[in-house]
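What the coordinates show
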Amino acid sequence: MEMAPARAVSSLKRRTSKLARELLSAGLQGAIIAPGPNLTYYTGVRAHLFERPFLFLLQSDGEAHLLAPKLEVGPFRGSVPLALHVWDDTEGPSGAFRELIRGISSKGFWGCEGRVPFGFLDPLLRAGLKVQPADDVLQSIREVKEPEELELLRRSADILSASIIKVPDVLREGMTEKELAHFIFQDAIAGGADEVDPMVQSGARAADPHSETSTKRIGRGESVVVDVVSSSAGYAADITRTFVLGESSEVEKVYRSVLSAQEKAVDAGRAGASTGRVDATARDSLEEDGLAEYFIHRTGHGLGLEVHEAPYIVAGGRERLRPGMVFTVEPGVYIPGKLGVRIEDDVSISKGGRAEVTTVKVPKEYGWWRK
């Protein structure tokens, strides 16, 4: 278990109070949360989800409970006020569950986070608790970032940007995708990232955007898609750039089309715009160049304590962008058996309502990587 950056208890109390109000408004008795980003958000403590039952419950009246193994509870003692239901490996969790159940209300429905394992939930269900999904409520609160969160997201973006900028210094013909990914991993960790997950696909493999980084050797004239997710203090950054060693008129044509679509979509990402409108802007731009059929995913996703969270920049999306939201804009074109091109930036909506690119330090004009 690792403590998140220090946050004032008053800030955490404000978050739990807001969640309690939202639960009450939704007609829910409370929320059931497992170790993960939501637990961190409401307690300031980062904990990992393992096999031992571990649950945070917040009632709509604001009362909080934590059922956790004894070896995990230490950091929570300085967190938000909560009733602890502790167990160890010798006695098992049954007694802690009985104690928890006596301390909470079983009336009405509880909202349950989707990541809660059934084995954790089963004792509550057998005791008569009724549950329904609560992810919409939980995501809606976290998707508008507080000033402290925005600063952490900017720092995370700066750390990753500094590593992506160095890719042209090491990219060379004959190196493997894994060698390039390894360089980025090491450099970002050395630069201050906590976790780094680089993906590299080159040539025809770049047409499969989430294929595993391989030992394929990078050749001249082929697209090299470098997509890296990292985090700092628990907050995510996500950047994609596409490179070419030498010349390729085919890759260049596609690249310029993707870049135009990406820049138009960023510009469309203003307060009040729907997520669907931003997605359509990118898609319509690629349609003009006859490439829309090769754009096979959404235009973006929210960033925060998770690398994929609300808001989702997706076709038909009706959610309106608001100041404090942070998300990616990443259109791509993937021509099977030939090439792939994707360009991704992290974007935040400012207080003034405009889109601000937090990964602006990484160039993206075609050929910027050339020496």
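Residues numbered from 1 in each chain as written. Predicted model: local features only at pLDDT ≥ 70, side-chain atom pairs only at ≥ 80, totals over all residues. Heavy atoms only, no water.

Thoughts on the nonpolar core
By size, the foremost hydrophobic cluster in this structure holds 53 residues, and its most contacted members are Leu171, Leu180, Val226, Phe243, Tyr255 and Leu286. Setting aside chain neighbours within four positions, we find Leu286 in contact with Ser257, Val258, Ala261, Leu291, Ala292, Phe295, Gly332 and Val333. Within the second largest apolar cluster, 51 residues are counted, among which are Trp110, Leu121, Leu153 and Val326. (Core = buried A, V, L, I, M, F, W, Y, C linked by side-chain atoms within 4.5 Å. Buried < 20%, exposed > 50% of the residue type's maximum accessible area, 1.4 Å probe, protein only. Contact = heavy atoms within 4.5 Å.)

Thoughts on the packing of helix α1 (residues 9-25) against helix α5 (residues 135-142)
The N-to-C vectors of α1 and α5 enclose an angle of 140 degrees; their axes lie 11 Å apart at closest approach. Judged by the angle between their axes, α1 and α5 are oblique. As α1 runs across α5, the sense of the crossing is right-handed. Facing Lys18, Leu19, Glu22 and Leu23 of α1, the residues of α5 in contact are Val137, Leu138 and Ile141. Each residue belonging to the contact of α1 with α5 can be placed in one class, and the counts come to 5 nonpolar, no polar and 2 charged. (Axes fitted to C-alpha atoms, helices over the stretch in contact; angles between N-to-C directions. Helix = DSSP H or I, 4+ residues; strand = E, 2+ residues; numbered from the N terminus. Parallel < 35°, antiparallel > 145°, perpendicular 65-115°, else oblique. Left-handed = near helix turned anticlockwise from the far one by under 90°. Nonpolar A, V, L, I, M, F, W, Y, C, P; charged D, E, K, R; others polar.)

Here's the deal with the sheet that holds strand β11 (residues 235-244)
Pairing within the open sheet is antiparallel, and its 3 strands lie in the order β9-β10-β11. With partners counted over all chains shown, the strands left at the sheet margins are β9 (195-202) and β11, one partner each. Here the strands of the sheet are splayed against their neighbours by 10 degrees on average, with no regard to which way each runs. The sheet contact formed by strand β10 (residues 223-232) and β11 spans 10 bridges and is antiparallel. Opposite Ser223, over in β11, you have Val244 as the bridge partner. Here helix α6 (residues 147-164) sits on the sheet and contacts β10 and β11; the angle it forms with β11, its principal contact strand, is near 30 degrees. (Pairing = 2+ DSSP bridges.)

Details of helix α9 (residues 249-268)
In an α-helix there are 3.6 residues to a turn, and that puts residues three or four apart on one side. In this model α9 runs 29 Å from its N-terminal to its C-terminal C-alpha over 20 residues, within 8% of the 28 Å that 1.5 Å per residue would give. Where α9 is concerned, the buried positions are Val251, Val254, Tyr255, Ser257, Val258, Leu259, Ala261, Gln262, Ala265, Val266 and Ala268. (Expected span 1.5 Å × (residues − 1).)

Overview of the sheet that holds strand β2 (residues 28-33)
Strands sit in the order β6-β5-β4-β2-β7-β8 across an open sheet of 6 strands; the sheet is mixed. One side of each edge strand has no neighbouring strand; the edge strands of this open sheet are β6 (83-87) and β8 (130-133). Going across the sheet, the axis of each strand differs from the next one's by a mean of 25 degrees, ignoring polarity. Bridge count for β2 against strand β7 (residues 109-112) is 4 bridges, and the pairing is parallel. Across the sheet, the residue bridging to Gly30 is Trp110, located in β7. Along the sheet, helix α3 (residues 94-103) contacts β4 (55-59), β5 (64-69) and β6; its crossing angle with β6, the most-contacted strand, is approximately 160 degrees.

As for unusual backbone geometry
In this model, Ala310 is joined to Pro311 through a cis peptide bond whose omega is 0 degrees. Note on placement: Pro311 falls in strand β13 (residues 309-313). Non-glycine residue Ala233 carries a positive phi angle of around 55 degrees. Relative to the helices and strands, Ala233 is located in the loop between β10 and β11.

Such coordinate-based values are descriptive only and should not be taken to indicate function.
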